[in-house]
Amino acid sequence: MAAARKLQRCVVSPTAKHSASVIFLHGSGDTGQGLRAWVRDVTVPEFAFTHIRVIYPTATARPYTPMRGAPSTVWFDRYKISRDCAEHLESIDDMCITLGTIIDEEMNAGIPKHRMII
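Our next topic: the sheet that holds strand β3 (residues 52–58). Paired through their backbone hydrogen bonds, the strands of a sheet run either parallel or antiparallel. Spatially, the four strands line up as an open sheet ordered β1-β3-β2-β6, and their pairing is mixed. Because the sheet does not close on itself, it has two edges, and the strands there are β1 (8–12) and β6 (116–117). Direction of pairing for β1 relative to β3: antiparallel, over a ladder of five bridges. In the strand pairing of β3, Gln 8 is matched with Thr 58. Lying over the sheet, helix α1 (residues 32–42) contacts β1 and β3, oriented at roughly 130° with respect to β3. Contacting β1, β2 (20–23), β3 and β6, helix α2 (residues 89–108) runs over the sheet at an angle of about 155° to β3.

Dropping the structure here:
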């Protein structure tokens, strides 16, 4: 397994006491900033809360097999884009470790796991 990587992230901070967190993951090839911009376009008012920190991390660029190994900001690799294809478990394990660092940071800020949504 790879070491956890520090992710770039876009954060909407709560305006009052932080008591919960939402970690919102983007789709293949997008970024946290891109997802936040899309969310702002489809929600009125902005997806923001007085007590919830909304975190939009950006996946680290990695070789992406469906794009012939070109680097892309994806949470995990795939052998191909198909429902009947096995998952690329090593890259999913890497993603879990990386997202675990965000969870740990939120826990260190006093947010229990049951007050987080991914």
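Once the structure has been displayed, the description carries forward.
This part is about the packing of aromatic side chains. Per the stated rule, a full pass over the model turns up three aromatic pairs. Considering the side-chain rings of Phe 24 and Tyr 56, the 5.7 Å spacing of their centres and the 15° angle between planes classify their relative orientation as stacked. Of this pair, Phe 24 sits in the loop between β2 and α1 while Tyr 56 sits in strand β3, and the two are 32 residues apart along the sequence. You can call Tyr 56 buried: its relative accessible area is 1%.

Conventions used here
- Residues numbered from 1 in each chain as written.
- Predicted model: local features only at pLDDT ≥ 70, side-chain atom pairs only at ≥ 80, totals over all residues.
- Heavy atoms only, no water.
- Pairing = 2+ DSSP bridges.
- Helix = DSSP H or I, 4+ residues; strand = E, 2+ residues; numbered from the N terminus.
- Contact = heavy atoms within 4.5 Å.
- Axes fitted to C-alpha atoms, helices over the stretch in contact; angles between N-to-C directions.
- Phe/Tyr/Trp six-rings, centres within 6.5 Å; stacked < 30°, edge-to-face > 60°.
- Buried < 20%, exposed > 50% of the residue type's maximum accessible area, 1.4 Å probe, protein only.

Nothing here speaks to function; it is geometry throughout.
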